[in-house]
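One letter stands for each residue in the lines below.
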Amino acid sequence: MPDTKQTVLEQAVADQWKVLPSGLTVLVRPMPGYSSTHVIFATKFGSIDRDFRLDGKEVHLPAGVAHFLEHKMFEDQDGDAFAKYAKTGANANAFTSFDRTCYLFTATQQLDESLDVLLGMVGHPYFTEQTIAKEQGIIGQEIKMYEDSADSAVMENLFRIMYQNHPVRNNIAGTVESIEEITAETLKLCHDTFYDPSNLIVCVIGDVDAQKIIDQVRCQTPAGKPARVERCYGAPEPQEVRNRRIEKEMEISMPAFAIGFRCPDAGRGRDAMRMELIGELAGEILIGESSELYQKLYDENVIDADFSVDYERMKGMALLELCGDSEQPERILQEVLQEAACVIKTGVDRALLDRLKKSVTGRRLRGLDGFEGTCYRMCAYYFDGAEYLDYPEIYASVTAEDVEQFIRENVKEELAFVSVIRPKREKEEKSCC
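Residues numbered from 1 in each chain as written. Predicted model: local features only at pLDDT ≥ 70, side-chain atom pairs only at ≥ 80, totals over all residues. Heavy atoms only, no water.

1. Let's talk about the environment of N91
For step 1, the next point in the chain: Within the secondary structure layout, N91 lies in strand β8 (residues 91-96).
For step 2, the next point in the chain: Spatially, the C-alpha atoms of N91 and T106 are 5.3 Å apart, while their sequence positions differ by 15 residues.
For step 3, the next point in the chain: Ignoring any residue separated from it by four or fewer positions in sequence, one finds N91 in contact with L104, F105 and T106. (Helix = DSSP H or I, 4+ residues; strand = E, 2+ residues; numbered from the N terminus. Contact = heavy atoms within 4.5 Å.)

In structure tokens, the structure reads:
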């Protein structure tokens with residue numbers, strides 16, 4: 001495998017961006033010597049894009065349209081795209097997140113043919129009422145399956161109490177009832193609006209000829225007509241919150257929990273990336289694996305190896321989240337609040353902060369050899385108006401005062417929300433007389 005440090009330097013120079021006449025952006029990162037190539041075709045259209053103004057007209061979508069459309073893109077009059085990928089030997093997939101939809105494949109051979117399949121399926125949708133009805137049944141079963149997942153339920157419940165207006169409070173796939181409202185006209189409207197070339201990016205990483213990739217994409221991408229879209233993510237959240245804690249019982253053996261500290265919208269571009277990095281460092285300082293609090297709670301079996309802390313953001317919302325399995329989620333919250341108070345009083349440990357910055361930067365640099373994750377992040381930051389490879393420079397600019405300010409402003413009890421999934425209690429047997 002090529003040397004990572006050398007590869008990173010070469011990547012920064014060799015990346016080729018091209019905005020085609022159609023408006024579609026192509027990003028190619030040549031990686032000589034690697035056997036596989038990873039490709040992502042992404043649109044800035046996710047589950048939170050439900051309410052918007054299109055050419056001055058208000059549009060309100062049922063929950064789950066972006067995810068439903070992702071499923072339908074694999075089908076055309078000639079059959080199924082997966083069957084076509086099978087002939088080229090590519091490993092293909094797709095997913096919908098809160099704020100984007102991605103179609104991807106990895107190939108070691110017949111790259112041109114696989115790229116043709118991808119460009120064709122995304123560019124030429126095929127909808128009929130009959131196939132939509134069939135898909136409603138399939139996705140309905142998928143939704144019911146997720147309802148049995150404690151990991152999904154604990155986060156959905158957390159978002160539901162944290163946000164009264166933001167569409168993040170709705171399941172990405174929607175509900176069985178909401179997807180019944182989806183029609184061919186709904187899907188066509190969304191494809192015309194959000195799958196316009198100006199709202200798309202193709203990212204390719206591998207041992208490829210960049211100009212050849214760009215030319216192939218150009219030939220298969222007709223000029224679009226960008227829609228005038230004004231997206232809406234709900235009214236400002238009310239200051240008064242009805243409920244900061246929610247519990248649910250499910251068939252599990254160990255309680256699952258999620259704690260969220262509601263943070264302000266981080267904006268976009270480099271400023272948003274910087275806030276994201278500050279939030280990540282704040283979480284690591286408070287209760288990351290290198291912290292004394294993490295080790296204390298781990299040694300006392302309050303948390304286990306599955307515990308995680310992360311900063312998550314999207315348009316209109318952001319939060320610092322703590323997730324895992326524990327019998328004592330309330331204690332974890334109180335311990336974190338006490339640790340935050342201590343940091344505010346005594347300041348961030350500068351030596352620990354420097355170690356964390358070096359560790360995270362090194363981990364991300366090494367991660368550039370992982371094509372799929374890098375491809376996804378480059379697309380995500382592109383849609384956000386930032387360049388992924390700027391993070392070493394931005395990380396270097398983050399100070400202890402930045403982290404302290406983040407903790408002071410955001411890690412407060414009045415901004416904390418707790419979601420818990422507990423094991424279902426057995427019903428008490430009725431006593432016999």
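2. Considering the sheet that holds strand β13 (residues 256-263)
For step 1, the next point in the chain: Reading across from one edge, β12-β16-β13-β15-β14 is the order of the five strands in this open sheet, with mixed pairing throughout. The outermost strands of the open sheet, each flanked by one partner alone, are β12 (245-250) and β14 (308-314). For this sheet the average axis-to-axis angle between neighbouring strands, irrespective of direction, equals 20°.
For step 2, the next point in the chain: Docked against the sheet, helix α10 (residues 269-287) engages β14 and β15 (317-325), running at close to 160° with respect to β14.
For step 3, the next point in the chain: Against the sheet, helix α16 (residues 400-410) contacts β13, β14 and β15, and its axis sits at roughly 105° relative to β13. (Pairing = 2+ DSSP bridges. Axes fitted to C-alpha atoms, helices over the stretch in contact; angles between N-to-C directions.)

3. Describing the pairing of strand β4 (residues 51-54)
For step 1, the next point in the chain: Of the two faces of β4, only the one carrying F52 and L54 is buried; D51 and R53 on the other face are not.
For step 2, the next point in the chain: Direction of pairing for β4 relative to strand β5 (residues 57-60): antiparallel, over a ladder of four bridges. Following the sheet pairing, D51 is matched in β5 by H60.
For step 3, the next point in the chain: Joining the antiparallel neighbours β4 and β5 is a turn of two residues, in which D55 adopts a positive phi near 50°. (Buried < 20%, exposed > 50% of the residue type's maximum accessible area, 1.4 Å probe, protein only.)

4. Quick notes on the nonpolar core
For step 1, the next point in the chain: Formed by 66 residues in total, the largest nonpolar core has its most connected members in F261, I287, L322, I332, V336, V403 and V411.
For step 2, the next point in the chain: Ranked by the residues each element gives to this core, the list is headed by α10, at nine residues.
For step 3, the next point in the chain: Each residue touching I287, except ones within four places of it in the same chain, is listed here: L293, Y294, L297, F307, V309, L322, I332 and V336.
For step 4, the next point in the chain: By size, the runner-up hydrophobic cluster in this structure holds 52 residues, among which are V26, F41, A92 and I213. (Core = buried A, V, L, I, M, F, W, Y, C linked by side-chain atoms within 4.5 Å.)

5. Points about the side chain of N410
For step 1, the next point in the chain: Inspection of the secondary structure puts N410 in helix α16.
For step 2, the next point in the chain: On the basis of relative accessibility, which here comes to 6%, the residue N410 falls in the buried class.

6. Looking at the packing of aromatic side chains
For step 1, the next point in the chain: Using the criterion set out here, one finds 16 aromatic pairs in the structure.
For step 2, the next point in the chain: Geometrically, the ring pair formed by W17 and Y382 is tilted, given 5.6 Å between the ring centres and 35° between the ring planes. Highlighted residues: W17 in strand β1 (residues 16-19) and Y382 in helix α14 (residues 371-383), separated in sequence by 365 residues.
For step 3, the next point in the chain: Residue class for W17 comes out partly exposed when judged on its relative accessible area of 37%.
For step 4, the next point in the chain: Taken together, the ring pairs in this structure connect F74, F82, Y103 and Y195 into an aromatic cluster. (Phe/Tyr/Trp six-rings, centres within 6.5 Å; stacked < 30°, edge-to-face > 60°.)

7. Quick word on the pattern of salt bridges
For step 1, the next point in the chain: By the definition in use, this model includes 23 salt bridges.
For step 2, the next point in the chain: Measuring nitrogen to oxygen at the nearest pair gives 3.1 Å for the salt bridge that ties R422 to E247. With a gap of 175 residues between them, R422 in strand β16 (residues 416-423) and E247 in strand β12 connect regions that are remote in the sequence.
For step 3, the next point in the chain: According to the relative accessible area criterion, E247 is exposed, its value standing at 53%.
For step 4, the next point in the chain: Notably, a salt bridge pairs D384 with R313, separated by 2.7 Å at the nearest N-O pair. Here R313 lies in strand β14 and D384 lies in the loop between α14 and α15 (391-397), a separation of 71 residues in the sequence. Grouping residues by exposure puts D384 and R313 together as buried.
For step 5, the next point in the chain: Connected through salt bridges with shared partners, the residues K296, E300, R331 and E335 form a single ionic network. (Salt bridge = Lys/Arg side-chain N within 4 Å of Asp/Glu carboxyl O.)

8. Brief notes about the sheet that holds strand β11 (residues 229-232)
For step 1, the next point in the chain: In space, the three strands of this open sheet follow the order β5-β4-β11, with antiparallel pairing throughout. Edge positions in the sheet fall to β5 and β11, since each of these pairs with one other strand and no more. Each neighbouring strand pair of the sheet contributes to a mean axis angle of 25°, computed without reference to strand direction.
For step 2, the next point in the chain: With four bridges connecting them, β4 and β11 associate as antiparallel partners. Bridge assignment links D51 to a residue of β11, and that residue is C232.

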